[in-house]
Structures are given as C-alpha cells and as structure tokens.
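# Residue-level structure breakdown
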Amino acid sequence: MDNDKPLQPETEDEIEIEPVQQSSDKMLYCEAEPPPTVEKVKPARENSETDLEIEDDEKFFTTGQKELYLEACKLVGVVPVSYFIRNMEESYVNLNHHGLGPRGTKAIAIALVSNTAVTKLELEDNCIMEEGVLSLVEMLQENYYLQEMNISNNHLGLEGARIISDFFERNSSSVWSLELSGNDFKEESAALLGQALSTNYRIKKLDLSHNQFSDVGGEHLGQMLAINVGLTSLDLSWNNFHTRGAVALCNGLRGNVTLAKLDLSMNGLGNEVALALGEVLRLNSCLVYLDISGNDIGNEGASKISKGLESNESLRVLKLFLNPINMDGAILLILAIKRNPKSRMEELDISNVLVSEQFMKTLDGVYAVHPQLDVVFKAVQGLSAKKTIFLLTNPMKLIQSYADQHKITVVDFFKSLNPTGTMKMSVDEFQKVMIEQNKVPLNQYQVREVIKKLDEKTGMVNFSFLNTMKP
C-alpha cells in the first residue's frame, strides 16, 4: 500500500459512524474483506517502521481523533469499534474481549499515535498476535502519554516476546505497567524479556503469570532481578518453576533493591526452595508483599521461612494458603514474627490451616507484641457456636449500639477512654484500654478489627476518622 497517497472514501458502507467526507476520485479504502491489490502491496513486517503513517504530516495533525480512527479502519478493512469512538478521549479505555485481531489492533494503534488522552489501555483476549503487537510498539515510539497497557492472552508467542523485548530494550517509553499474562511465553521468551529488563528501568509493574516458564526461564529472570533497578511489582504466578529455576529467582532477589511485590503462587517450589526463600527474607530489605500460595510447601518449608521472618524488617504480607502446612508449621511462623521486634508483618495468610484454642492463646501473645498483625486461618477446632458468634461479631456495631443507648457519638466513646481526651492514642495504649474497659466487652480479635479501622499506619490510632458516623 502506498502510504503517501491521500486517503479517499468509497460509497456508503456498514460502519457505525459516517467517516469524514472527502472527494472520491479513487478508491483506496476497503470493506471488511480488502481487495486483493491492497493485500498484495501490504508492507512486510520488517519494513514497517512507517506502517502507521496513513497520511501526509499536515493531514495527520489536522484530522480529528474520530475521523482518524475511521480512516484507519477503512484502510485496514475492519468495522470500527463504537466503544472506542465514544471513549477515545477518556484516560481509561477497556477493549478486552473485543475480537480485534491484528488489523483491528492496527487501526486502534494508528488512532493512538497522536492521542494525548488515553493513559491506560486494556487489550486482553483480542488475538492480536505478533502483527498486532508490532503495531502497538510502533505507536509507542510516538505516543508518550500511554502509561499502562494490558495485552494478556493474545497468543504472542516467541515472536511477540521478541518484538516487545526489542522495543523496551532499545526505546524509551512512558509505559510503566505492562501485563503479558497467558501469552504462550516459554524459555526463549524469558531470555529475551530478561535481557530487555536488565537495562530497562521504566517498567515498574510487570505481569508474566500463566505462561510456560520453567527452570531455564527462572535462571534468565533471576539474572535480570539481580541487576534490574526499575521493577517494583512482578507477577510470576501459574508458571512451571521448580527447584532450580526458583532458587535462581531467589538468588536474584537477594540483592534486588527495588522489587516490593512478588507473586510466585501456583508454581512447584516445594520445601527445598523454602530454604532459599528464608535467605531472601533474611537479606532482602525492600520486599513488602510475597505470595507463595499453592507451592507444596509443608511444615519443613515453613520452618525454613520462619528463620527469615525472625530478622526481616520490610515484609508486610505473606500468603501461604493452599500449602500442606498444619498447626505445627503455623506456630513456627507466628512465633518467628513474635521474636522479631522490628517485624512489620500485617497479614499472614494460612487460611487453609485448622487451628486449636491453644494456638489462639499463643496468637494472643503474638498480637500483644505486634498489634498490627492479622493472621488468617480456617477456623478454630472444637470452638462452640456461641464462641464463634462472639468472635466474629462486628465490634463497631457493638460500640455504635452502646453510643446510641447513651446518646453520645462513637467519637465521644473513644475519647472517654483516652486519659488526655484527645483524638489520638498510640496503638499499644489503645489496645490495652480497649481490652480493660467494661463498657463494651470485646475480645482480642474484635479489638484488632477496631485498630484496623482507626490505624494511621504510624503507630497511632485516630478517632477523628469516625466523625462521619451518626450518634
């Protein structure tokens, strides 16, 4: 196709919105099935640096966004997407599951070259394949407004990974969040992406879940993590990492200084990798969120992880559900947190573990040291229905009921417990007075629920958060 020729419309067709009217001396547009001559002269992929230049420069900058997209649809032979036309001036555009295909994606990319409104673009499950992703990276060479892009589940494969990697290795871009889940990426793709991300510091959030990375892929990505200084969030869940690959990832994490969130759930890590994870927790000072659910980690692995928890000062969330850990392993984990005075743990998810009342007593001691902690477990073995109801009753409703009966506000109730009568108290002091007060009897778990609502994450609770509640 000669991209330098001006575009001319043909007669009325079935598209939803009329294109801008121009002269019709010559037909270059196409219906849903482009004429053979159009396909015959379609530029090859490797010569498509100017593939998105559909008009001369003057026309490009004077045509409106809607008209530009309609012309692009004519050019590539697709029916315009009415949702995109309605929302192309919004910051968020969700085109998931629209059946765009490579040509529909190219039309979207042409329209986005000069678009300054869209900052987040969702294109999941559109079968865009390598031709479509090529159009997108060409667009990104010109568009510096798009910041978040989701192209998951699009059958990109090795060539798609190569196109993406080449672009992010050689080009600067404003994109900081990239979702590539479920794109049939295997070991070679991991090598390409790892190389690109070793030098790219702009990508902050990356989703590579539901791919087919295994041990070799883990080694490539581990090498990347050791030197990457950009990523803050990485999702590698639902891959095939086992001992060798997972240990390589852990080795990369030990010296990483930027990654705060890591999801390794639903892989095959096992107890052997737990030792390496314990070392990561002992040495890494920036990881805040770690999900290793569904990884065949038992009590032996929990013991190794607990060694890292004893000295870790950064982790706040650890998810371990769907692992074969029983109450013995759970006790090792909570006692490790208790022994660490500098622990910042806020959530330990062991929600498939059935615990005993003895475990609950041990947990009370942990909460006394770390009132910010929330341990999620399955249930308490042998606990009566009456006790269960008492354990789970919403404490704020109980306090509200007391305040209503005494014709005061909830804020007044809390202020009455503070010796200084002010709106703030330390978490430790607040926990103590809430347990000791007898106006609204609450158990340890209900007090923790109240603290969650009032905690400023600075070690203080603030009653003024409740000023909007009715008396």
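Cut-off values and rules
Residues numbered from 1 in each chain as written. Predicted model: local features only at pLDDT ≥ 70, side-chain atom pairs only at ≥ 80, totals over all residues. Heavy atoms only, no water. Helix = DSSP H or I, 4+ residues; strand = E, 2+ residues; numbered from the N terminus. Contact = heavy atoms within 4.5 Å. Phe/Tyr/Trp six-rings, centres within 6.5 Å; stacked < 30°, edge-to-face > 60°. Buried < 20%, exposed > 50% of the residue type's maximum accessible area, 1.4 Å probe, protein only. Expected span 1.5 Å × (residues − 1). Pairing = 2+ DSSP bridges. Axes fitted to C-alpha atoms, helices over the stretch in contact; angles between N-to-C directions. Parallel < 35°, antiparallel > 145°, perpendicular 65-115°, else oblique. Left-handed = near helix turned anticlockwise from the far one by under 90°. Nonpolar A, V, L, I, M, F, W, Y, C, P; charged D, E, K, R; others polar. Right-handed = clockwise from strand over helix to strand, strands pointing away.

It is worth spelling out the side chain of Thr 105 at this point. Assignment of secondary structure puts Thr 105 in helix α5 (residues 101-112). Leave out the neighbours within four places in its chain, and Thr 105 touches Leu 100, Ile 128, Gly 132 and Leu 136.

Tallying each qualifying case throughout the model produces eight aromatic pairs. With a centroid separation of 5.8 Å and 50° between ring planes, the pair formed by Phe 414 and Phe 430 is classed as tilted. Here Phe 414 is found in helix α17 (residues 410-417), whereas its partner Phe 430 is found in helix α18 (residues 427-436), with 16 residues between them in sequence. On the basis of relative accessibility, which here comes to 0%, the residue Phe 414 falls in the buried class. Ring centres 5.4 Å apart and planes at 15° place the aromatic pair Phe 414 and Phe 463 in the stacked group. Of this pair, Phe 414 sits in helix α17 while Phe 463 sits in the segment after β13 (460-462), and the two are 49 residues apart along the sequence.

So, on to helix α3 (residues 65-76). Taking 1.5 Å of rise per residue, 12 residues should cover 16 Å, and α3 covers 17 Å from first to last C-alpha, within 8% of that figure. In terms of burial, α3 is largely enclosed, as 10 of its 12 residues are buried. Within the sequence span of α3, burial applies to Gln 65, Leu 68, Tyr 69, Leu 70, Glu 71, Ala 72, Cys 73, Lys 74, Leu 75 and Val 76. Of the residues one or two after α3, Gly 77 is the one with positive phi, at around 85°.

Bringing the sheet that holds strand β1 (residues 92-94) into the picture now. Strand order in this open sheet of 11 strands is β1-β2-β3-β4-β5-β6-β7-β8-β9-β10-β11, and the pairing throughout is parallel. The open sheet terminates on both sides in strands that have one partner only, identified here as β1 and β11 (374-380). With direction set aside, neighbouring strand axes in the sheet form an average angle of 5°. As defined by bridge partners, strand β8 (residues 289-291) adjoins strand β9 (residues 317-319) across three bridges and the pair is classed as parallel. Note on β9: the bridge partner recorded for Tyr 289 is Val 317.

Turning our eyes to something else, we now look at the packing of α3 against α5. It is at 8 Å that the axes of α3 and α5 come closest, and there the two elements cross at 150°. By the angle between their axes, α3 is roughly antiparallel relative to α5. For the element pair α3 and α5, the recorded crossing hand is right-handed. Across the interface between the two elements, Gln 65, Leu 68, Tyr 69, Ala 72, Cys 73, Leu 75 and Val 76 of α3 pack against Arg 103, Lys 106, Ala 107, Ile 108, Ile 110 and Ala 111 of α5. Here the contact of α3 with α5 is composed, by residue class, of 10 nonpolar, one polar and two charged.

Each regular strand displays side chains that alternate between the two surfaces of the sheet. Summarising the sheet, β9 and strand β10 (residues 347-355) pair through three bridges and their orientation is parallel. Across the sheet, Val 317 pairs through a bridge with Glu 347, a residue of β10. Handedness of the crossover joining β9 and β10 through helix α13 (residues 327-339) is recorded here as right-handed. Sheet topology note: the β10/β11 ladder contains six bridges and is parallel. Considered in β11, the bridge of Ile 350 is made with Phe 377. Taken together, β10, helix α14 (residues 357-369) and β11 form a β-α-β motif whose crossover is right-handed.

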